[in-house]
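Observations on the model geometry
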Amino acid sequence: MRDKVFIADRGAREAGVCVGMKRGGVLTLSPDIAMHERDLARENDVMREVAFSLMKFSPMAALCDEETVVIDVTASLRLFGGIVRLCRQMREIVGAIGVTARMSTAPTGQGAWLLAQSAGRAQRSKRRVLKMTSLERALGPLPFSAAPEVRAFTDWFEGLGCKTLDDIRRLPRAGLKKRCGVELLDSFDRAYGLAPELYEWLAVPPGFSARIELPDRIEHADAMLFSARRLVMQLCGWLSAQQLALTHAALILEHERGRDAVDPTIIQIALGEPTWHEAHLMRLLKERLGRTELVAAVLALRLTATKVQPAEPPTESLFPEPGGTAEDHNRLLELLVARLGAANVLRPAPSSDHRPEHANRWISVTDTQKSEAVPADLPRPAWLLEKPLQLMMKNHRPFYGSSLKLMSTGERIEAGWFDGGLTSRDYFVAQANDQSCYWIYRERPGSADADDPRWFLHGLFG
Amino acid sequence: MSALPKNVEDIHPALWRGSQLAHARGPTVDTGYAVLSAELPGGGWPLGTLVELLVQQPGVGEIRLLRPALAAVSKRPIVLVQPPHIPNSLAFAYLGVPLDKLIQLRASKTADALWSAEQILKTGSCGALIVWQNHARTESLRRLHLAAQASQTLFLMVRPLASAADSSPATLRLGVRPAGDGIVVDVIKRKGPTRAEQLSITLQPSPILLSPYARVRRHTSAPAIAGSIPSPLVA
C-alpha cells in the first residue's frame with residue numbers, strides 16, 4: 001500500500017490521477033501536484049474525536065475497520081425525536097469536527113457497516129433502512145467486494161459468475177463453509193440479523209483532556225472559536241456518555257515553543273450552574289475569547305475538564321414558571337460575567353456602617369460573602385454620587401442649579417475614627433427651585449475654619 | 001355599513017377608537033398610583049414591551065414612581081443596567097424592594113449594555129429590567145422592543161427628556177418632571193387619545209420627612225426625633 005494513491009480530490013482526478021497509482025506516475029501526469037503521506041495515527045485520532053463527539057447520542061460507540069464508527073442508538077431514538085432528527089444532529093456534529101461522512105442506518109450494525117461502505121453509488125434513501133426486510137433488499141444488490149471476508153475469494157466468486165451479495169447468499173451454505181471458512185458465513189449472518197453481534201464499545205477515559213493543532217498561526221482569539229468548537233463537542237460527548245456535568249474547565253492556548261517559548265495562556269472557565277450543553281459552553285467561550293488579549297500567535301488548543309459532578313436530570317414540573325428556571329437565570333448571570341467581567345455584575349451587600357458610602361456596598365455576584373441586615377426604616381436617597389460634589393455658595397446658601405433650601409432637620413453622621421476614614425458630617429434634605437430634592441451635607445467645621453462651612457452634594461432622591 | 005357592530009372596538013382586541021384607551025395586549029402591573037393607572041392602557045405598566053421614562057435628570061423621583069411596580073414584580077430578579085449614579089441599596093430596602101433580588105450591571109460601552117439587556121430579555125428570567133441610556137439609536141430600541149415581546153419582563157428605559165422629540169418604537173412614553181411634593185407626568189405617547197394636560201402625582205414616601213416647618217405630612221414609619229432643632233443656617 002505504500003507509495004500508492006489512496007484518495008484523490010476532484011482536481012487530481014481531472015488531471016488523470018486514479019486510486020492505486022504510484023508516486024512516479026502521478027508526478028508524470030502533473031508535476032506540481034501536492035501529495036501528502038497518509039498518517040494512520042492522526043486518522044485514528046480523528047476517528048476517536050468523532051466517536052467521542054457522537055457519544056452525546058449513545059455511550060455505545062465502537063471504532064470499526066475501514067474508518068467506520070458504529071453507534072447503537074436503539075435506546076436514544078425517542079429522546080432525540082426520532083431517527084431523522086437524530087441523523088440530522090449527528091451530521092451537524094460530524095460537520096463541526098471538519099470531516100465528511102457517509103451515514104447509514106440499519107437494524108444490524110454489520111448491515112449498516114456494509115451499506116455505509118458501498119453506498120457511494122447508491123442513493124441516499126437506500127442507505128437508511130429500518131426494517132429487516134428492507135435491509136435484505138438493500139444489501140442484496142451490493143457488489144460482493146463490499147464485505148471484507150469475501151475479498152480473499154474474489155477470483156473464485158467471479159469465476160462462478162457472482163456479482164452481488166445476493167448471488168453469494170444463494171450458493172449452498174455447506175459448500176461455502178467448507179471452501180471459505182466460518183468467518184464469511186458468520187459475517188453474513190450478523191449482517192442479516194441471524195446471529196448476535198458483539199462490539200468492543202469504546203471505553204470512556206476517566207478524565208477529559210483533548211488537544212487540537214490549529215491549521216495556522218492564529219492571532220485573533222475569535223478565529224479560534226471554530227477549533228474550540230471541535231473540542232467542546234468532544235467534551236459534551238464525553239460528559240453525556242458518563243452523565244456528568246461540567247463545573248470547571250480550562251482552555252489552554254499554546255504559543256510558540258523552543259527557543260522563543262512563550263508561556264501558554266490559560267483561560268479558566270468556572271460555571272455557576274453545571275452544564276453539559278454545547279450551546280451554553282460555546283456562548284461562554286465566545287465571550288471569554290472575545291475579551292482575551294493574546295500575547296503571541298496561538299498554535300494549538302487544549303481543553304481540560306478540571307471539575308465535574310454528576311448531572312441532575314431536568315425536573316419537569318407540570319406548570320413551568322413563565323420566566324424560566326433558576327438554572328436559566330444562573331446561566332444568564334454566567335454569560336453576563338463572561339462578557340462584562342465579574343467586577344461589573346454586582347449585587348448589593350450592605351454593611352452595618354453609619355457612613356452611607358460604606359453602608360452601600362455592592363459586590364460581585366460571584367462573591368459568596370453574606371450581607372448584613374439592613375434597617376428598613378432609614379430614609380435614604382436612591383442615588384449616591386460616586387464622589388461627593390462640593391457645592392458653590394451664593395448668599396451664604398449652597399447653590400446647585402438654583403439656591404438650595406434646607407427642608408429637614410440635620411442628621412449627624414460621625415464615624416470612621418476606628419479605621420482611619422473619619423467622617424463627621426451633618427446631612428440635610430435640600431430642595432431646589434424646581435422642587436427636586438437633594439441630599440447634601442455640611443462638613444462639620446473643625447476649629448480652624450469654623451467660619452467657612454463647606455457643603456457637598458451626596459445623593460439624589462430618585 | 002349596516003353590518004358593522006355597534007361597538008367597533010369589539011371586532012379585534014388591537015382595535016380602539018381614537019377617543020378611548022386601547023386594550024392591554026398582555027399582562028400589566030399596577031403602577032400603585034391611581035391617577036397614573038387610569039391613564040394607561042390596561043391600567044398599569046405593560047409587561048413584555050418597551051416603556052420609556054424620559055426624565056429631566058436622575059433623581060427626580062423615578063425610582064419612587066416605579067416603587068409599587070418593582071415591589072410587585074420582585075419575586076423575580078430586578079436588573080439595573082448602567083445606572084447614572086451608584087444605586088443606594090439602603091434606599092431600595094426602605095422602598096420595599098428586596099435586596100437579594102437586585103442586580104446592578106455596569107458596562108463600559110453602550111454596545112455591552114444593550115447586549116446585556118437583550119440577553120436578559122431573551123432569557124426572560126428577570127421580573128424587571130431598567131436600562132439607563134442617554135443616546136440610543138432607533139434600531140437598537142426596536143431590537144430590544146422585539147426581544148422584550150418574547151418575555152414577561154417589565155422593561156423600562158430611562159432616557160433624558162430631550163429625546164422626547166425623537167421617534168421611538170416604545171408603546172408607552174412618559175415624561176417625568178419634579179413638582180411640589182411629587183412629580184408631574186407628561187404622557188408623550190400611549191395607545192389612546194393624546195393628553196395635553198400634565199398628570200400630577202404625589203409620590204410616597206416623600207424625602208422631606210422631618211421638616212422644620214412641618215409643612216409636609218410625616219411618613220408613619222419615619223423615626224421621630226425628639227426635640228429636633230432647626231438648622232441655624234436656614235434663613
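Going by the structure above, here's the rest.
Residues numbered from 1 in each chain as written. Chains lettered and ligands numbered in written order. Predicted model: local features only at pLDDT ≥ 70, side-chain atom pairs only at ≥ 80, totals over all residues.

Next up on the list: the sheet that holds strand β11 (residues 397-400) of chain A. Sheet architecture is open: three strands sit in the order β10-β11-β12 (chain A), paired in antiparallel fashion. Each having just a single partner strand, β10 (392-394) and β12 (402-403) of chain A make up the two edges of the open sheet. (Pairing = 2+ DSSP bridges. Helix = DSSP H or I, 4+ residues; strand = E, 2+ residues; numbered from the N terminus.)

Bringing the sheet that holds strand β3 (residues 49-55) of chain B into the picture now. Pairing within the open sheet is mixed, and its 10 strands lie in the order β8(A)-β7(A)-β6(B)-β4(B)-β7(B)-β8(B)-β3(B)-β9(B)-β10(B)-β11(B). For this open sheet the edge positions go to β8 (362-364) of chain A together with β11 (199-202) of chain B, each flanked by a neighbour on one side alone. Direction aside, neighbouring strands of the sheet carry axes that sit 25° apart on average. Relative to strand β10 (residues 182-189) of chain B, strand β9 (residues 172-179) of chain B is paired through seven bridges, and the arrangement is antiparallel. (Axes fitted to C-alpha atoms, helices over the stretch in contact; angles between N-to-C directions.)

Our next topic: the interface of chain A and chain B. On the side of chain B, 54 residues touch chain A, which itself brings 48 residues to the contact. At the level of secondary structure, the elements contributing two or more residues to the side of chain A that touches chain B comprise α14 (326-340), β7 (345-348), β9 (383-390), β15 (423-431) and β17 (455-460) of chain A. The dominant element in the side of chain A that touches chain B, judged by the number of residues it contributes, is α14(A), at seven residues. Split into classes, the residues belonging to the side of chain A that touches chain B amount to 28 nonpolar, 13 polar and seven charged. For β7(A) and strand β6 (residues 102-105) of chain B, the ladder comprises two bridges, and the chain directions are antiparallel. Opposite Leu346(A), over in β6(B), you have Gln104(B) as the bridge partner. (Contact = placed C-beta atoms within 7 Å. Nonpolar A, V, L, I, M, F, W, Y, C, P; charged D, E, K, R; others polar.)

Residue and element names in this part refer to chain A. Strand direction decides the pairing type here: strand β3 (residues 209-218) and strand β6 (residues 298-310), joined by six bridges, are antiparallel. By the bridge assignment, Ala 210 is partnered in β6 with Leu 303. Relative to β6, strand β4 (residues 244-254) runs antiparallel, the two being bridged by 10 bridges. Directly across from Ile 252, in β6, lies its bridge partner Arg 302.

Let us look at the nonpolar core. Of all hydrophobic cores here, the largest spans 134 residues; its most connected members are Val81(B) and Leu129(B). Residue contributions to this core peak at nine residues, all from helix α12 (residues 225-242) of chain A. Not counting chain neighbours up to four residues away, the residues in contact with Leu129(B) comprise Val79(B), Val81(B), Ala117(B), Ile120(B), Leu121(B), Thr153(B) and Phe155(B). Membership of the second largest hydrophobic core comes to 18 residues, among which are Leu115(A), Ala138(A), Cys162(A) and Leu165(A). (Core = buried A, V, L, I, M, F, W, Y, C linked by C-beta atoms within 7 Å. Buried ≥ 20, exposed ≤ 12 C-beta atoms within 10 Å, placed from the backbone.)

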